[in-house]
Amino acid sequence: MNISKEDFGKDFNWGVSSAAFQIEGAHDKDGKGASVWDLFSQKKGKIYNSHHARISCDFYNRYYEDILLMKQMNICNYRFSLSWSRIFPDGIGKINFSGVEFYNRVIDFCLSEGIQPWITLYHWDLPQALEQKGGWTNRDIINWFSEYVLFCIKTFGDRVTHWMILNEPMVFTGAGYFLGVHAPGKKGLSNFLAAAHHACLCQAEGGRIARSYKPGLKIGTTFSSSHIEANTNNIKDQQAQVRIDALLNRMFLEPLLGLNYPVKDLKVLRRMEEFIKDGDEQKLSFNMDFIGVQNYTREIVRFDFFTPFVQAKIIKADKRKVERTVMNWEVYPSSVYHILKKYAAYKNMPEMIVTESGAAFEDRLIDGKIDDAARKIFIQNHIAEILKAKEEGVKVNGYLVWSFTDNFEWAEGYKPRFGLVYIDFETQQRIIKASGKWYSDFLSNQEQMTVKTIAAAQNNLLIS
Ligand code: GCO
């Protein structure tokens, strides 16, 4: 079976994804305020090898070069995020016009090169000034966020049509406010549930603000999504699977779809009541134009009495002896197919866009080249799985690779490289990897991918 870009139809959105904190650098340039990640990444022991993102990919100074490279690679949709504290250094109030100008330049340059900008309003870099007031645990975040969203839509909405309100709320509330392994490094159930409820309110409110200020925009929001399987057929493992699925895949999506929190399947969510006010239930829902699905792997789950609140454990890929990435995530392309099918079964599900999909593998620079065959196959197999879902009637209409260039991978620093383009962080030299060359040929229709059978693709045996 040959797959080409044409099989997805003319309207399918192909592109790449990134996020402000991971690529911009220029952490205090031209009036930018500090974000929670600026502070967190300076703390001892939080980031792999004490890496920091003060310079990162230097996108702030090199956006021109990177967008030209994108154009050269036939990429016509570019998802990036705005740094809230570059626009509002204190989170609210005073505007930093140099920051606004920077994003105007990026947007205008994308458009002049025929690249559609897709903007994520919030990709985890909360202004530190707001964290000092409690950040996502403070219900006032709804007002702060609303002011920020309105300003961005008013300022950039004349040129940018595709908007995503939040990036993966499960991850920034779970890792940032429950486990303390991401900024701002808070821990505990109360912090998590408060942050999660406010994030759910903000994702819907952000959508309402954007739509009411400028009807006709394409408004979405993104979710981390992993196909979850039970380790055995044992009833306890199966119930554990249901709880983890409710936590990782349903908790932020279902309230948005008007289904409220999945309390029945995840009892600990009852404790959310403490933060819920009258009328919140309606406020949690909003009809998005699209849902951003971000998928990297599947998770295998078993019952574990000792894990608080969920009584379940995820069995990591290295414990299962399966093919895995540098992140210790299993390579399992049909996860994206299962997730798309699962989400498509919701009655109110709008169109879906795979807004992130990609992998970190060891990249070896040999004679100035990176022959990252594993990443190329990973992407090809994911594309094949998405086509399978689409051909079965799932409304999926885009695929954005995470990520355009290597970048700062949060607590893992620069160790995992996710890019289609390699960055030498010493010299800032960019080198298109073999996966990037392949993607670019695929996008220009010069390259088809030959998939033996769909079953072979599932087994990761794609032959190109
Ligand atoms: C995420 C993000 C990205 C990550 C990517 C790889 O959701 O975690 O959107 O910022 O870099 O997912 O881990």
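One can find the structure itself at the top, above this paragraph.
An account of the accompanying structure is given in this report. (Residues numbered from 1 in each chain as written. Predicted model: local features only at pLDDT ≥ 70, side-chain atom pairs only at ≥ 80, totals over all residues. Heavy atoms only, no water.)

Let's shift gears to the site of the ligand. Around the ligand sit 13 residues, and of these Gln 22, Glu 168, Tyr 296, Glu 356 and Glu 409 come closest. The side chain of Glu 409 places a nitrogen or oxygen atom 2.6 Å from an oxygen atom of the ligand. Trp 410 is positioned such that a nitrogen or oxygen atom in its side chain is 2.9 Å from an oxygen atom of the ligand. In isolation the ligand offers 320 Å² of accessible surface; the protein chains occlude 96% of this area. (Near = heavy atom within 4 Å. Polar contact = N/O pair within 3.5 Å; in protein donor to acceptor, adjacent residues only side chain to side chain. Areas by Shrake-Rupley, 256 points an atom, 1.4 Å probe, with all protein chains shown as cover.)

Once that is clear, we can look at the pattern of salt bridges. As enumerated under the stated definition, the model contains 27 salt bridges in all. Of the charged contacts in the structure, one is a salt bridge between Arg 211 and Asp 289, with a shortest N-O distance of 3.1 Å. Taken together, the positions of Arg 211 in helix α9 (residues 189–213) and Asp 289 in the loop between α12 (280–283) and β8 (290–294) put the pair 78 residues apart, joining distant regions of the chain. Overall, Arg 211 belongs to the partly exposed group, its relative accessible area being 27%. Residue classification places Asp 289 among the partly exposed positions, given a relative accessible area of 28%. Linking Asp 363 and Arg 375 is a salt bridge whose minimum nitrogen-to-oxygen distance equals 3.0 Å. Highlighted residues: Asp 363 in the loop between β11 (351–356) and β12 (365–366) and Arg 375 in helix α15 (residues 373–391), separated in sequence by 12 residues. Side by side, Asp 363 and Arg 375 carry an identical accessibility label, which is buried. Salt bridges sharing common partners tie together Asp 363, Asp 372, Arg 375, Asp 406, Arg 417 and Lys 433. (Salt bridge = Lys/Arg side-chain N within 4 Å of Asp/Glu carboxyl O. Helix = DSSP H or I, 4+ residues; strand = E, 2+ residues; numbered from the N terminus. Buried < 20%, exposed > 50% of the residue type's maximum accessible area, 1.4 Å probe, protein only.)

The buried fraction of β8 amounts to five of the five residues, a majority that puts the element mostly inside the structure. Neither face of β8 is exposed, since Phe 290, Gly 292 and Gln 294 on one face and Ile 291 and Val 293 on the opposite face are all buried. Bridge analysis of strand β6 (residues 218–224) against β8 gives five bridges, and the strand direction is parallel. The partner of Thr 221 across the bridge, within β8, is Ile 291. In the sheet, β8 pairs with β11 via five bridges, with the strands oriented parallel. Counted as the bridge partner of Gln 294 is Glu 356 from β11. (Pairing = 2+ DSSP bridges.)

Here we come to the environment of Ala 34. Considering the arrangement of structural elements, one finds Ala 34 in the loop between α1 (20–23) and α2 (36–40). Spatially, the C-alpha atom of Ala 34 lies 9.6 Å from that of Gly 91, the residues being 57 residues apart in sequence. When near neighbours in sequence (up to four residues on either side) are disregarded, Ala 34 contacts Leu 39, Ser 85, Leu 126, Pro 127 and Gln 128. (Contact = heavy atoms within 4.5 Å.)

Here the focus is the sheet that holds β8. Taken in spatial order, the eight strands of this closed barrel run β2-β3-β4-β5-β6-β8-β11-β14, and their pairing is parallel. The mean inter-strand angle of the sheet, taken between neighbouring strand axes irrespective of direction, is 25°. Where strand β2 (residues 13–17) and strand β14 (residues 396–402) come together, five bridges link them in parallel fashion. The partner of Asn 13 across the bridge, within β14, is Gly 398. Of the strands in this sheet, β4 (116–122) and β5 (162–166) touch helix α7 (residues 141–156), which is tilted by about 170° from β5. (Axes fitted to C-alpha atoms, helices over the stretch in contact; angles between N-to-C directions.)

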